[in-house]
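Here's the letter readout for the chains.
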Amino acid sequence: MTIQKNKGVLLFAKNNKDFNYIKQAKISATLAKHYLNVPVALVTPVDELDENVDLFDHVIDWKEQAEEINKRPMYKEGKFTIVNWHNLDRLTAYDISPFEETLLIDSDYLIQNNVLNAVWGSKKPILMNTHTRIPAKHQQHVYELVIEDGFSKVHWFTVCYFRKCKETEHWFNVARYVKENYEFYKKTFRVPYGYYRNDITAAIASHLVGGFRDDYIGPLPTRQINSFNSESILDIGKGKIVLNTDTIPVLLKDTNVHLLNKADYEKYYDKFMELYS
């Protein structure tokens, strides 16, 4: 693929019977364009797109890639259930991105400010956060703390900046090697998850490439805020969202957030598109 000498956002999306990831990607793309003013590329099976094809500046047909399915617990209709999650291989992002500088984001990541524009031209070839919080307070993930005990910190692959260069290419090659040999690394690093996570692969790859240090990849200019699966949306406005957390309602104004309640995200599709049309 010919590299375009520019920058942009890259999204992966494939629907399953439980969630419409393409619809989620449309929301994320719309907000990314509004706040960052950059083109957006989508990796997806083209036959699953509808009339909103013009929303994306580049559409990369997923049928050219090998499809993978991962089973994992997801929150739906008020409870956790095991779903078939099409784990589109984000580790191919380096090879298929049409941009020289890429901001890779999850389809359920909500951009509400222009702070991520600070990544363009970064001296560091890859940026990713290793700390996280929830909307109402500092997040204490027991699993993340277990992994951090003497090993690499979890790298939140939800949002990742990278530019095309030998160093970045090497990191992605190592990450793919870790994924191909995941059972070995899962046991070596005592990973507690029963299902595959790109966040863990990114953490292990960074630990290896960085010479068994945890500071190889620099942080993003924004915090990693994860809204739990059970936290519902109470209201949205331009540049703001109100979430019903397990303690108090929280207003996130001009703040980016990873919305794990995918059903609620989809439910507000029409309102998001109306606000940012």
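The coordinates are above.
Since the model is a prediction, treat every value here as computed from it, not as a measurement.

Caption draft 1: Quick look at the overall build of the chain. Counting its secondary structure elements, the chain contains eight helices and 15 strands. Counting all 277 residues of the chain, 58% fall into the buried class. When the accessible surface of the chain is split by element, carbon and sulfur atoms take 50% of a total near 12,500 Å².

Caption draft 2: Region of interest: the nonpolar core. Ranked by size, the top nonpolar core spans 46 residues in total, and within it V9, L11, L103, L110, L116, I241 and F272 carry the most contacts. Residue contributions to this core peak at nine residues, all from helix α1 (residues 21-36). When residues no more than four places from it in sequence are discounted, the contact partners of L110 are I27, L31, I241, T255, N256, V257, L259, Y265 and F272. One finds W62, A93, W171 and V191 within the second-largest nonpolar core, a separate group that totals 37 residues.

Caption draft 3: Region of interest: the sheet that holds strand β12 (residues 232-237). Taken in spatial order, the three strands of this open sheet run β12-β13-β14, and their pairing is antiparallel. Strands with a single pairing partner mark the edges of an open sheet, and in this sheet they are β12 and β14 (249-253). Each strand axis lies, on average, 20 degrees off the axis of its neighbour in the sheet, ignoring direction. In this sheet, strand β13 (residues 240-244) lies alongside β12 in antiparallel orientation, the contact comprising five bridges. Each residue of the ladder has a partner; that of I236, found in β13, is I241.

Caption draft 4: Spotlight on the sheet that holds strand β7 (residues 109-110). Strand order in the open sheet formed by four strands is β7-β15-β11-β9, with mixed pairing between adjacent strands. The two strands at the open ends of the sheet, each matched to only one other strand, are β7 and β9 (132-133). Where strand β11 (residues 224-227) meets strand β15 (residues 257-259), two bridges bridge the pair, whose relative direction is parallel. Bridging from a neighbouring strand, N226 pairs with H258 of β15.

Caption draft 5: Just a nonpolar patch on the surface, in detail. Together, V46, V53 and V59 make up a nonpolar patch on the protein surface, roughly 180 Å² of accessible area in all. The residue V46 is located in the loop between β2 (40-44) and β3 (58-61) in this model.

Caption draft 6: Structural context of unusual backbone geometry. Phi angles above zero are rare outside glycine, and R190 is one such case at about 55 degrees. Its location among the elements puts R190 in the loop between α5 (182-188) and α6 (198-209). A relative accessible area of 51% places R190 in the exposed class. With phi around 55 degrees, D254 is a residue other than glycine that occupies positive phi space. Its location among the elements puts D254 in the loop between β14 and β15. Of the residues examined, D254 reaches a relative accessible area of 41% and is grouped as partly exposed.

Caption draft 7: Local environment of the pattern of salt bridges. With the rule as written, the count across this model stands at 11 salt bridges. Between D106 and R90 there is a salt bridge, and its shortest N-O distance comes to 2.9 Å. Of this pair, D106 sits in the loop between β6 (99-105) and β7 while R90 sits in the loop between β5 (79-86) and α2 (93-96), and the two are 16 residues apart along the sequence. For the pair D106 and R90, a shared accessibility class is recorded, and that class is buried. Ionic pairing is found between K271 and D235, a salt bridge with its closest N-O pair at 3.1 Å. On the criterion of sequence distance, the pair formed by K271 in helix α8 (residues 269-275) and D235 in strand β12 is long-range, its members being 36 residues apart.

Parameters and conventions
Residues numbered from 1 in each chain as written. Predicted model: local features only at pLDDT ≥ 70, side-chain atom pairs only at ≥ 80, totals over all residues. Heavy atoms only, no water. Helix = DSSP H or I, 4+ residues; strand = E, 2+ residues; numbered from the N terminus. Buried < 20%, exposed > 50% of the residue type's maximum accessible area, 1.4 Å probe, protein only. Areas by Shrake-Rupley, 256 points an atom, 1.4 Å probe, with all protein chains shown as cover. Core = buried A, V, L, I, M, F, W, Y, C linked by side-chain atoms within 4.5 Å. Contact = heavy atoms within 4.5 Å. Pairing = 2+ DSSP bridges. Axes fitted to C-alpha atoms, helices over the stretch in contact; angles between N-to-C directions. Patch = residues over 30% accessible without salt bridge, like charges linked within 9 Å, V, L, I, M, F, W, Y side chains within 5 Å. Salt bridge = Lys/Arg side-chain N within 4 Å of Asp/Glu carboxyl O.

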